[in-house]
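Notes for the structure review
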Amino acid sequence: MPASTAPQAPPQNENEPRGGSRGADTRALTQVLFAELKELTPGTPDHAKVRAALIEANLPLVRYAAIRFRSRNEPMEDVVQVGTIGLINAIDRFDPDRGVQFPTFAMPTVVGEIKRYFRDNVRTVHVPRRLHELWVQVNGATEDLTTIHGRTPSTAEIAERLKITEEEVLSCIEAGRSYHATSLEAAQEGDGLPGLVDRLGYEDPELAGVEHRDLVRHLLVQLPEREQRILLLRYYSNLTQSQISAELGVSQMHVSRLLARSFARLRSANRIDS
């Protein structure tokens, strides 16, 4: 059976893909191949050939399982590849004598392998386990209600179906977006705007003065205490020379001379430090 052939027989249970006569042919072929595989010795070329034929015949089962995860925005080929690992594990563990149809046996293994892949390799933001499990239910309810109503269901409709609050539904939807982290530098699709880093960040005008303030602080401590106070009153408290003279009990002329002398000392110290 070619790998591209999809099963068409109606499913015997919820774990089997839907289909018609080709699906029945696939199941019949699978039974024959398992009967042959049982008679062969593992590791032999004939065993490997039959095993490969089983894998190829049942790849539609993997694709059917992978479709359930199409909302995860992960490349479908990657999901199918991971699901195929689960299919191979199921083939190696399957016992035809137990009377269970192979799709029924294999589907949980295939789906489990895909879920582990998303849990361990894809999620970029940790989400609490309860919220993750509830998100799976919300996703399933969304698909069911979309099929029933022919439109995307509202938050209230999903909440009513699952008997949970609308806040929980919204939290689950937000959790579902954590499978991929968006680069801050990536341009935003559709809105024509630059990346988030360009919109969220801004240049602090105070940054330019950081070095200057640090230099002034370093030079001020080299002045006498009275001259430090005069400079602080003049340039930090914004007092006039007249107000400073009244504050200190000295003449305005004396304040002016002290300011000039302080500036000379600061310039001299700055040249030496440079």
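Identification of the protein chain as RNA polymerase sigma factor SigF from Streptomyces sannanensis is taken from an unreviewed UniProt entry.

Our next topic: the overall build of the protein chain. Within the protein chain, the secondary structure is distributed over 13 helices and zero strands. For the protein chain, the sequential pattern of α-helices and β-strands runs α-α-α-α-α-α-α-α-α-α-α-α-α. Long-range contacts, defined here as pairs at least 24 residues apart, represent 55% of the contacts in the protein chain between residues at least 6 apart. When the accessible surface of the protein chain is split by element, carbon and sulfur atoms take 52% of a total near 17500 Å².

A word on the side chain of Ser245. Within the fold, Ser245 resides in helix α12 (residues 241-248). For Ser245, a relative accessible area of 11% corresponds to the buried category. Ignoring anything within four residues of it in the chain, the contact list for Ser245 reads Val250, Ser251, Gln252 and Val255.

Once that is clear, we can look at the packing of aromatic side chains. Enumeration over the complete set of coordinates arrives at five aromatic pairs. Taken together, a centroid distance of 5.3 Å and an interplanar angle of 50° make the contact between Phe94 and Phe105 tilted. Of the two residues, Phe94 is situated in the loop between α4 (76-93) and α5 (102-122) and Phe105 in helix α5; the sequence distance between them amounts to 11 residues. Each member of the aromatic cluster is reached from another via a ring pair, and the members are Phe34, Phe94, Phe102 and Phe105. Here the basic side chain of Arg234 rests over the ring of Tyr235, its NZ or CZ set 5.3 Å away from the ring centre.

Sites flagged by UniProt as "domain: RNA polymerase sigma-70" (unreviewed entry) map to residues 78-91. Secondary structure within residues 78-91 divides into 100% helix and 0% strand; the distance between the first and last C-alpha atoms comes to 20 Å.

To continue, consider the pattern of salt bridges. Taken as a whole and assessed by the stated rule, the structure comprises eight salt bridges. A salt bridge links Glu227 to Arg261; its shortest N-O distance comes to 3.0 Å. Here Arg261 lies in helix α13 (residues 252-273) and Glu227 lies in helix α11 (residues 225-235), a separation of 34 residues in the sequence. In this structure Glu227 comes out as buried when scored by relative accessible area, which is 2%. Look at Arg261 and you get partly exposed, because its relative accessible area is 41%. Overlapping salt bridges, with partners in common, bring together Glu227, Arg261 and Arg265 in one network.

Our focus in this paragraph is the nonpolar core. Among the nonpolar cores identified, the biggest contains 28 residues, and Phe34, Leu87, Ile91, Phe102 and Ile114 are the most heavily contacted of them. Elements with a contribution of two residues or more to this core: α1 (21-39), α2 (45-57), α3 (59-67), α4 and α5. Sort the elements by how many residues they give to this core and α5 lands first, with nine residues. When neighbours within four sequence positions are excluded, Ile91 is seen to be in contact with Phe34, Arg51, Leu54, Ile55 and Phe102. Of all hydrophobic cores here, the second largest spans 11 residues; its members include Leu220, Ile230, Val255 and Leu259.

Interaxial distance between α2 and α4 falls to 10 Å at its minimum, and their mutual angle equals 130°. Between α2 and α4, the angle is such that the two are oblique. Between α2 and α4 lies a crossing of right-handed hand. For the pair formed by α2 and α4, the contact residues are Arg51, Leu54 and Ile55 on the first element and Thr84, Leu87, Ile88, Ile91 and Asp92 on the second.

So, how was this worked out
Residues numbered from 1 in each chain as written. Predicted model: local features only at pLDDT ≥ 70, side-chain atom pairs only at ≥ 80, totals over all residues. Heavy atoms only, no water. Helix = DSSP H or I, 4+ residues; strand = E, 2+ residues; numbered from the N terminus. Contact = heavy atoms within 4.5 Å. Areas by Shrake-Rupley, 256 points an atom, 1.4 Å probe, with all protein chains shown as cover. Buried < 20%, exposed > 50% of the residue type's maximum accessible area, 1.4 Å probe, protein only. Phe/Tyr/Trp six-rings, centres within 6.5 Å; stacked < 30°, edge-to-face > 60°. Lys NZ or Arg CZ within 6 Å of the ring centre and 35° of its normal. UniProt positions renumbered as here; feature names shortened; annotations may be inferred. Salt bridge = Lys/Arg side-chain N within 4 Å of Asp/Glu carboxyl O. Core = buried A, V, L, I, M, F, W, Y, C linked by side-chain atoms within 4.5 Å. Axes fitted to C-alpha atoms, helices over the stretch in contact; angles between N-to-C directions. Parallel < 35°, antiparallel > 145°, perpendicular 65-115°, else oblique. Left-handed = near helix turned anticlockwise from the far one by under 90°.

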